[in-house]
Amino acid sequence: EKHLMNLGMPYAQFSVVFNQMNDYHQFGNTSISFLFSANKGSSLLEISKVASGGELSRLMLAMKYIAAKTIKLDALVFDEIDTGVSGKIASLMANMMQEISKSTQIISISHLPQIASKADEHFKVLKSVVNNETISDIVILNQNERITEIAKLLSGHKVTSAAFENARVLLSQ
């Protein structure tokens, strides 16, 4: 809950409930429920019934943060763990991911400039069609290419000089 507070959910509550059943199933005689509430005054209910996409993203990051700090993990892969968030919350998530990266290798797939700007290394995935087959390639970006890619993430159809300046600012933070 403390970590969820740090991710912009000051009233979040999380609970794990173990229910012992009379009958046994393939996993024993206990069922486990994960209960969650993001809002003050709301009851704890099954995560699947109450959590939005952004809340699920933050909850997952908080759990992975705890796991990375508790057990020795060589690497963590975040595949769009920032789904459903933007702006300030994306920055808070980026800071938490950067904290994890001090002790655990992080590989993050993201389309958010706040997340991409915190990376030590920035890769771009390129896809092309050759002989009716899709080919993927990955390239490491230098500083100028990073600025361009982050500016593209910040922009709409046309990349503006303001987007380039904002990209430089994000990379310097």
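Above this text you will find the structure in question.
These remarks concern the structure in this document. (Residues numbered from 1 in each chain as written. Predicted model: local features only at pLDDT ≥ 70, side-chain atom pairs only at ≥ 80, totals over all residues. Heavy atoms only, no water.)

The phi angle at Glu-80 is positive, at roughly 55°, despite the residue not being glycine. Among the secondary structure elements, Glu-80 is positioned in the loop between β4 (75-79) and α4 (87-100). With a phi close to 55°, Asn-131 is a non-glycine residue in the positive phi region. By the secondary structure assignment, Asn-131 is in the loop between β6 (123-130) and β7 (133-140). (Helix = DSSP H or I, 4+ residues; strand = E, 2+ residues; numbered from the N terminus.)

This paragraph deals with the packing of helix α3 (residues 53-70) against α4. Closest axis-to-axis distance for the α3/α4 pair is 10 Å, and the angle between their directions is 15°. By the angle class used here, α3 and α4 are roughly parallel. Regarding α3 and α4, the two cross each other, and that crossing is left-handed. Touching Ser-57, Arg-58, Leu-61, Ala-62, Tyr-65, Ala-68 and Lys-69 of α3 are Ile-89, Met-93, Met-96, Met-97, Glu-99 and Ile-100, all from α4. Per-class residue counts for the contact of α3 with α4 are nine nonpolar, one polar and three charged. (Axes fitted to C-alpha atoms, helices over the stretch in contact; angles between N-to-C directions. Parallel < 35°, antiparallel > 145°, perpendicular 65-115°, else oblique. Left-handed = near helix turned anticlockwise from the far one by under 90°. Contact = heavy atoms within 4.5 Å. Nonpolar A, V, L, I, M, F, W, Y, C, P; charged D, E, K, R; others polar.)

Another aspect to go through is helix α6 (residues 143-154). With twelve residues, α6 extends 16 Å from end C-alpha to end C-alpha; this agrees with the ideal 16 Å at 1.5 Å per step. Among the residues making up α6, those that are buried are Arg-146, Ile-147, Glu-149, Ile-150 and Ala-151. Buried positions along α6 lie against α5 (113-116), β6 and α7 (161-172). (Expected span 1.5 Å × (residues − 1). Buried < 20%, exposed > 50% of the residue type's maximum accessible area, 1.4 Å probe, protein only.)

If you walk through the whole model with that rule in mind, you get six salt bridges. For Asp-74, the salt bridge is made with Lys-72, and the minimal N-O distance between the two is 4.0 Å. Here Asp-74 falls in the exposed class, since its relative accessible area comes to 63%. Looking at Lys-72, the relative accessible area reads 66%, which means it is exposed. Between Glu-149 and Lys-152 there is a salt bridge, with its nearest N and O atoms 3.3 Å apart. Linking Glu-149 with Lys-152, this pair stays in helix α6, spanning three residues, or about one helical turn. The class for Lys-152 is partly exposed, based on a relative accessible area of 40%. Taken together, the salt bridges that share partners define one network made up of Lys-69, Glu-99 and Lys-102. (Salt bridge = Lys/Arg side-chain N within 4 Å of Asp/Glu carboxyl O.)

Examined against the element boundaries, Asp-82 turns out to sit in the loop between β4 and α4. One buried charge, Asp-82, has no salt-bridge partner; the nearest side chain with opposite charge is Arg-58, at 11 Å. Once residues lying within four places of it in the same chain are set aside, the contact partners of Asp-82 are Ser-57, Met-93, Ser-110, His-111, Leu-112 and Ile-115. (Lys, Arg positive; Asp, Glu negative; His and termini not counted.)

This part is about the nonpolar core. Phe-36, Leu-61, Phe-78, Met-93 and Ile-100 are the most contacted members of the largest nonpolar core, which has 28 residues in total. The set of elements that each furnish at least two residues to this core consists of α3, β4 and α4. Not counting chain neighbours up to four residues away, the residues in contact with Met-93 comprise Leu-7, Ser-57, Arg-58, Leu-61, Ile-81, Asp-82, Val-85 and Ile-115. In terms of nonpolar packing, the next biggest core, distinct from the first, is built from eight residues, Ala-116, Ile-147, Ile-150 and Ala-151 among them. (Core = buried A, V, L, I, M, F, W, Y, C linked by side-chain atoms within 4.5 Å.)

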